[in-house]
Amino acid sequence: MMENEDFQVEIMAKKGCDEELPMSVSAKSSVGFDGVSQQLQPDNVNGHRGEIHGEKPMPAEDSYGEQTIEGEAIDPPERQRSMSMDGRLRDKRFDSFKKTWSDRLERRLSSLRIAPQELDVEANGIRVTETEAVPAEHRYFDVLEGPGFDTLRTSEVSVLPEDKKWPFLLRFPINSFGMCLGVSSQAVLWKALATSPAMRFLHVSLTVNLVLWCIALALVCTVSLLYSLKIMCYFEAVRREYYHPIRVNFFFAPWIACLLLAIGVPPSVAVDIHAAVWYIIMAPIFLLELKIYGQWLSGGQRRLAKVANPSSQLSIVGNFVGALLGASMGLIEGAIFFFAVGLAYYTVLFIILYLRVSTNATLPKELHPIYFFFVAVPSIVCLAWAKIRGEFDYVSKIFYFIALFIYFSLAARVNFFRGFRFSLAWWAYTFPMTAAAVATVEYSAQITNTFTRSLSIGFSAISTFAVIAVLVSTIYHAFVLHDLFPNDISITIAVANTKKRSKLCKKLAKLRSVGSDMRDTETSISRGNVRVLSSSFSSDRV
Amino acid sequence: MMENEDFQVEIMAKKGCDEELPMSVSAKSSVGFDGVSQQLQPDNVNGHRGEIHGEKPMPAEDSYGEQTIEGEAIDPPERQRSMSMDGRLRDKRFDSFKKTWSDRLERRLSSLRIAPQELDVEANGIRVTETEAVPAEHRYFDVLEGPGFDTLRTSEVSVLPEDKKWPFLLRFPINSFGMCLGVSSQAVLWKALATSPAMRFLHVSLTVNLVLWCIALALVCTVSLLYSLKIMCYFEAVRREYYHPIRVNFFFAPWIACLLLAIGVPPSVAVDIHAAVWYIIMAPIFLLELKIYGQWLSGGQRRLAKVANPSSQLSIVGNFVGALLGASMGLIEGAIFFFAVGLAYYTVLFIILYLRVSTNATLPKELHPIYFFFVAVPSIVCLAWAKIRGEFDYVSKIFYFIALFIYFSLAARVNFFRGFRFSLAWWAYTFPMTAAAVATVEYSAQITNTFTRSLSIGFSAISTFAVIAVLVSTIYHAFVLHDLFPNDISITIAVANTKKRSKLCKKLAKLRSVGSDMRDTETSISRGNVRVLSSSFSSDRV
Amino acid sequence: MMENEDFQVEIMAKKGCDEELPMSVSAKSSVGFDGVSQQLQPDNVNGHRGEIHGEKPMPAEDSYGEQTIEGEAIDPPERQRSMSMDGRLRDKRFDSFKKTWSDRLERRLSSLRIAPQELDVEANGIRVTETEAVPAEHRYFDVLEGPGFDTLRTSEVSVLPEDKKWPFLLRFPINSFGMCLGVSSQAVLWKALATSPAMRFLHVSLTVNLVLWCIALALVCTVSLLYSLKIMCYFEAVRREYYHPIRVNFFFAPWIACLLLAIGVPPSVAVDIHAAVWYIIMAPIFLLELKIYGQWLSGGQRRLAKVANPSSQLSIVGNFVGALLGASMGLIEGAIFFFAVGLAYYTVLFIILYLRVSTNATLPKELHPIYFFFVAVPSIVCLAWAKIRGEFDYVSKIFYFIALFIYFSLAARVNFFRGFRFSLAWWAYTFPMTAAAVATVEYSAQITNTFTRSLSIGFSAISTFAVIAVLVSTIYHAFVLHDLFPNDISITIAVANTKKRSKLCKKLAKLRSVGSDMRDTETSISRGNVRVLSSSFSSDRV
């Protein structure tokens, strides 16, 4: 099965800042053909900690040990709750996210030694037979609610304490790279304003570009450093972000930010960029795309119709930014390669986003800013094609006008972007607005008249204002209100509570006399699909 | 919520031909996140008429008063039926559709004065608490059946008497502008036949173009006049047509007809058209598109997957007709703008129409003619692009051949277009056929040989014959059989009859002992979603 | 109804190798608007054989007679099973697939004579009133399971004996033409390698092309001959393959193989091909497309969202292969016509394949090779456009790079193409790989450097190796293991077993007191839609 390949955890050398021994191993998980695991895996899941430390396994400890690196924690909610009253234990909860490579090595080794006899112990335990090991990546769709996949279902119990503030790094999400996109694209805009012949009458100095570029560089370095620390300290949390259907798109953001830094590099810093830079930055983008677009194709749980949402456009836009840089460096064939791949998947994504089969409800208000990505992609397509062709031809114009129309269209729905509190998602406004402004500046270089010049100035002003406003808000929320990075509920998912399920099963068993032909229905419901049942109703309704 | 913005009814100055006081006000409606209103709104809905006229509110009067301007009429069916036996009252039913701006002003003012004490009165009424105020625009999907959304569900009670012929203007639908498209495109065809160098051997006189153009102009004026009268007299009916998922596309038709008139203008009438004409005609098209394409994007009840049907292509084709006129007037950038927007949304729509997620069943036979719009769009795309580029290049040819293939494909399925009675929908044959003929004439100007000339003559003959046949049928049905404009059931929807629902709820309550986990299912069913349930079944079946 | 047009069986002159009298006539079938037949047709279906032979109709004979030419066999499972124990009768089962045109004529005539009195006999039979005549083409979706539509549901009883090997021709599927595609495209590749200026350094001889072309020609002739025999002997089986949602796409394969033979013709055999050849080969492709794309458009049971699967790309690729040949022969306009049609439907199909609404589950492992068609289409598009334009321009490059990326993307998921046994489906690897190799050779002729040359050699080597490996496996399985052509279960479908349904109905009748509003649901379920019910659940889950 394709979906399982990520589970093959390499045993690597010890790194990072963890000091505790691991107490759980990955449960072998099996994914049924319908993408739902139906196999119970009592072996190797539980009780290791007790054995390793030579203690009698205590219930609380035991349930703690169930939070595995692989995400298949088995955690009856009663215990979880009793645990949260136990301060000493509660603090240790973060440890399961701290575990990194070295831990795995030790764990693997110890499990090899201990596993056989443990298997017998576990087989006797009644609790384990009730549980079901589901790979973390599939759990997201079961456990998280809302099209943003950011609220834990009420039936779920968080792995981490929700009533306490977590360590900073655990709360620092991959989305933070959105800030880098916003600021580094501003550097590109002011470089375009300073060098475009149509905008010469403004006498914009390249110094603005230089200052912005330095800020952007500092921001990219800071965020990268922080996130690197997170990778080292809480690798499990990063892994969970990678499996999150919306977050995964933001793994493109660091590389796109680097591309933007290379495009917006001030002439005083560098005139020619070595071709190797392009290859180095495009390599991770290419590999991520092979992985993600491949999942879209081969279907299953992570097929496009299931995961498509406006933020998926982030996984596309890298192609065009890369093509833009490549073409400006003279690497035309490479630029066309990424342009072609991007175009194919952009067409698919654009249409599927209009179709939105999977997300019956509209996105939550808090995520409305990511609708602006609809403006970003055609703007960058237009710029990239113009650079590949060497002229702003009909194709560029068509994409530019599409971006323009969508911009107007979104601007006309002011209510759509009002009435929700500030969050990191607001940075999604800045990059698309800036991209549209850059495209307008390029367009006005081709069609130079008062209208296009006004448009350029207008869009540039709006985007700069947006970046400043969002930046100030970010600083205010980060350093004054200290609420920029709330607890990251999305990564706290545990294995489904099968106790509740079995109750449902019993109730449904009363209905079984109706006829064995209804078994299909029951099976679906007893798998906890009542949600699915109701959403398949509402899918027709909405 | 985006969907609610149309409800903000401006209070405007009195106009039109109504002489009765209004007797209802708009119910404040709330749309839940799933697009289903769950809030009961007993206040301000009912009984105003009685208060205003100083009469003791009679039951019949009362139920009458429930038909509000906003479309949230609350009308228990028993009363409705007793009313229809009361001749005096029945006639007044049309009044609720007559109400215009002035009425609203008065109503608002009076409701401000009377509302508070009424609220108490209403709170005691048992009937009101059973009703549910749903915005008219959402009601269409609940109340109307069939993919054509033109039959009222059996559980629904019409607001207007179904057993009596309504006033002419109420029966005069926006679809009537389809006639204008058919005839004015004929003027364009005969202009092309007269001026195309490849067709010179036919010696077609420009007089034919002149005559057709005058007929088209007269038709456009007549239909516009009649519809303007409808806007003035029955604004509520127009508003309901605007919210109808198929009808709304025909609001583009008047402007497209104007564009066609401008394209087909005889050289003897005018040689150059002032650029302002193009801007004036394109402005409403642009605004309609901002509105409608925006709804497609932001999801919810009116997202594309829900409302897409072959007539949606009418909301696209205006872009290309506009681009064609703009390019022929030299407004290249404006033309490319509309071309680009059209192309983006045409791609989306074309694919979604092939997918048809929402309409599980095929279209009713009576609407099969609108399948011919599949021919119209690529034909016009081909013409517009040829005009923008100044030559019939590969892109134009690709779109021309797509139109040609779809034409053949539809022509091959003769049974598909047979066996249903004449209606205004038949005019959907004429415009696409004529557009294909014009494109063929243009193509044969590029590739001139016997085959292309024969094709041009053949398609021109077929389209002219079709227009004549449909025109004669229309005149016959309009003036002899008097059945061209039947009662327009689609606009008569009232608020859902919750009485029946609650019966269903009681019956379902027996099942409740099965287990509280089935609550989701029940809720869906008790919301009257039995239809949805069955259609979610058939969606997989069909 | 469009879907019924294929049922109008022409009465033709006797041909073929059947020697038995027919014993059944086609049941008049009616398709409800939702594509589900609801009309019981007891007349003319049953008991003919008994009458013709002057025998007292025995139960076993009777059930035999129910297997009609039209595919509406009515076959209670008990009888079927009792029959399978009766050796003499079992052998005769194949006869119903042998029946050809002459039989129909006779059957029609005899039914005219015998029908009236039989109708009375049948009307008394209790069995017939329980049955439901459904057209074979709709049955596929009800009876066959899995996205490959190749397993009979457990509730179904096969018309043909499953425990015995059938006659060879009955087991010889249309898929066999896949072999022709693989080998004839190799001839094209080696012609390209021998003639491309960029590959001149390899000194590939045209003799390889000649040898491969001769092998391909022999293979095409052999397979065509065998399939012609099948058409003559078992026309019913061919008809059932034509209605099969996956198989129908392979009806394009013979013509595509002919096109490839014409493209890869060795210069020593022919230099110029007469234009008539192109028209003759493209005619059946055009007619098949009119039929199949028309079904996609008009919706219903065979609409695209329902039948789309990776093999649907076979019905598209013919357009581009045809365009490639046409353009190389100078028939530019014809080439653009097929290119345009192909492009339109390829865009639609590509996106719908990513969406996969209908097939909730992923394809069975055995069909994974057909994912490689994703590589074939853009490769051929690139070649066809380069030939039309006369140069390898941006459009060609874009499609080439899309093919390249998908190739990499599939190659990266090695697990996806491992772990299933050999079947004819493996030939789906060869044609796409060869097409990609040809496109790479063409690309390297444009951009000649070490990298592109290595890529050309690599892809050519892989594709040649793949063809050889699959060819050897095929020969081994065909002539040594004798398991290349297993019993073709897909064509054995009978009419649904309504007995089981009625049991379900009775059980559900208990629920009927819940309320008449649930009737829709019941109707759906009693039609045997429990499968649909569960799949509408899983569609949201998976």
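These numbers were taken from a predicted model, which means no experiment stands behind them.

So, the overall build of chain A: which residues are in play, and what are the values?
Helix and strand counts for chain A stand at 24 helices and two strands. Considering only residue pairs separated by 6 or more positions, chain A has 81% of its internal contacts joining residues 24 or more positions apart. Of the roughly 19,600 Å² that chain A leaves accessible, carbon and sulfur atoms contribute 63%.

Any details on the packing of helix α14 (residues 275-298) of chain A against helix α16 (residues 314-328) of chain A? Residues and values, ideally.
All names here are of chain A. In the contact formed by α14 and α16, the axes pass within 10 Å of each other and the chain directions differ by 150°. As judged from the angle between their axes, α14 and α16 are roughly antiparallel. Once α14 is placed against α16, the crossing between them reads as left-handed. Listed contacts from α16 to Trp278, Met282, Ile285, Glu289, Tyr293 and Trp296 of α14 are Ser315, Ile316, Gly318, Asn319, Gly322, Leu325 and Gly326. Looking at the contact of α14 with α16, its residues break down into seven nonpolar, five polar and one charged.

Residue-level account of the state of the cysteines, with values.
This structure, assessed with the given rule, holds zero disulfides over all chains. Just so you know, B:Cys221 is unpaired, no disulfide at all, and the nearest cysteine sulfur is the one on B:Cys258, 8.7 Å from it.

So what about the layout of surface pockets? Which residues, and what values?
Of the voids in this model, the second largest pocket is the one considered here, and its volume is about 1,900 Å³. Lining the second largest pocket are 50 residues, and of these A:Leu343, B:Leu343, B:Val395, C:Leu343 and C:Val395 lie nearest its centre.

An account of the nonpolar core is requested, with residue identities and associated values reported.
A:Phe339, A:Tyr345, B:Phe339, B:Tyr345 and C:Tyr345 are the most contacted members of the largest nonpolar core, which totals 406 residues. Apart from the residues lying within four places of it in its own chain, the contact partners of B:Tyr345 are A:Tyr354, A:Phe405, A:Ile406, B:Tyr293, B:Trp296 and B:Ile316.

Hey, could you go over the side chain of C:Glu289 for me, with residue numbers and the actual values?
Within the secondary structure, C:Glu289 sits in helix α14 (residues 275-298). Although C:Glu289 is buried, it forms no salt bridge, and the closest oppositely charged side chain is B:Arg413 at an N-O distance of 13 Å. Each residue touching C:Glu289, except ones within four places of it in the same chain, is listed here: B:Phe405, C:Phe252, C:Gly294, C:Ser315, C:Asn319, C:Phe338 and C:Val341.

Can you tell me about helix α11 (residues 206-233) of chain C, naming the residues and giving the values?
Think of an α-helix as 3.6 residues a turn; residues three or four steps apart then line up on the same face. Taking 1.5 Å per residue as the helical rise, α11(C) with its 28 residues ought to reach 40 Å, and the 40 Å between its terminal C-alpha atoms agrees with that figure. For α11(C), the set of buried residues is C:Asn209, C:Leu212, C:Trp213, C:Ala216, C:Val220, C:Val223, C:Tyr227, C:Lys230 and C:Cys233.

Tell me about the pattern of salt bridges, residues and numbers included.
Evaluation of the coordinates by the stated rule reveals 21 salt bridges over all chains. The partner of B:Lys397 in a salt bridge is C:Glu333, and the shortest N-O contact between them spans 2.8 Å. Taken together, the residues B:Lys397 in helix α19 (residues 394-411) and C:Glu333 in helix α17 (residues 332-355) connect one chain to another. Residues B:Lys397 and C:Glu333 agree in their burial class; the two are buried.

Kindly report on the confidence of the model for chain A, identifying the contributing residues and their values.
With 58% of its residues at a pLDDT of 70 or more, chain A has an overall mean of 71. Per-residue pLDDT stays below 50 along residues 111-137 of chain A; that stretch engages in 57 contacts with residues further than four places along the chain or on separate chains.

Describe helix α20 (residues 430-446) of chain C, listing the residues and the values that go with them.
When the terminal C-alpha atoms of α20(C) are compared, their 25 Å separation across 17 residues agrees well with the 24 Å that a helix rising 1.5 Å per residue should span. Buried residues dominate α20(C), accounting for 14 of its 17 residues.

With reference to specific residues and values, describe a nonpolar patch on the surface.
All names here are of chain C. A contiguous nonpolar surface patch, about 570 Å² in accessible area, is contributed by Leu471, Ile475, Tyr476, Phe479, Val480 and Leu481. Along the chain, leucine 481 falls in the loop between α21 (450-480) and α22 (498-509). Among the residues examined, leucine 481 registers a relative accessible area of 39% and is labelled partly exposed.

For the packing of α19(B) against helix α21 (residues 450-480) of chain B, give the residues involved together with the corresponding values.
All names here are of chain B. Running from amino to carboxyl end, α19 crosses α21 at an angle of 55°, the nearest separation of the two axes being 14 Å. Between α19 and α21, the interaxial angle falls into the category oblique. Along this stretch, α19 crosses α21, giving a crossing that reads as left-handed. Along its contact with α19, which presents Tyr400, Leu404, Tyr407 and Phe408, the element α21 presents Leu455, Phe459 and Ile462. Across the contact of α19 with α21, the residue classes break down as seven nonpolar, no polar and no charged.

Any details on the environment of A:His203? Residues and values, ideally.
Within the secondary structure, A:His203 is located in the loop between α10 (177-195) and α11 (206-233). Expressed as a C-alpha distance, the spacing of A:His203 and A:Leu193, which sit ten residues apart in the sequence, is 8.7 Å.

Explain unusual backbone geometry to me, using residue names and the numbers behind them.
Residues other than glycine seldom take positive phi values, yet B:His482 does so here, at roughly 55°. Tracing the chain through its elements places B:His482 in the loop between α21 and α22 (498-509). The phi torsion at C:His203 lies on the positive side, around 50°, for a residue other than glycine.

Definitions and cut-offs
- Residues numbered from 1 in each chain as written.
- Chains lettered and ligands numbered in written order.
- Predicted model: local features only at pLDDT ≥ 70, side-chain atom pairs only at ≥ 80, totals over all residues.
- Heavy atoms only, no water.
- Helix = DSSP H or I, 4+ residues; strand = E, 2+ residues; numbered from the N terminus.
- Contact = heavy atoms within 4.5 Å.
- Areas by Shrake-Rupley, 256 points an atom, 1.4 Å probe, with all protein chains shown as cover.
- Axes fitted to C-alpha atoms, helices over the stretch in contact; angles between N-to-C directions.
- Parallel < 35°, antiparallel > 145°, perpendicular 65-115°, else oblique.
- Left-handed = near helix turned anticlockwise from the far one by under 90°.
- Nonpolar A, V, L, I, M, F, W, Y, C, P; charged D, E, K, R; others polar.
- Disulfide = S-S within 2.5 Å.
- 1 Å grid on protein atoms, 1.4 Å probe; cavity = no way out; pocket = protein on both sides within 12 Å on 5 of 7 lines; lining within 4 Å.
- Points joined across faces, edges and corners; volume = space filled by probe spheres on them.
- Core = buried A, V, L, I, M, F, W, Y, C linked by side-chain atoms within 4.5 Å.
- Buried < 20%, exposed > 50% of the residue type's maximum accessible area, 1.4 Å probe, protein only.
- Lys, Arg positive; Asp, Glu negative; His and termini not counted.
- Salt bridge = Lys/Arg side-chain N within 4 Å of Asp/Glu carboxyl O.
- Expected span 1.5 Å × (residues − 1).
- pLDDT = per-residue confidence, 0-100.
- Patch = residues over 30% accessible without salt bridge, like charges linked within 9 Å, V, L, I, M, F, W, Y side chains within 5 Å.

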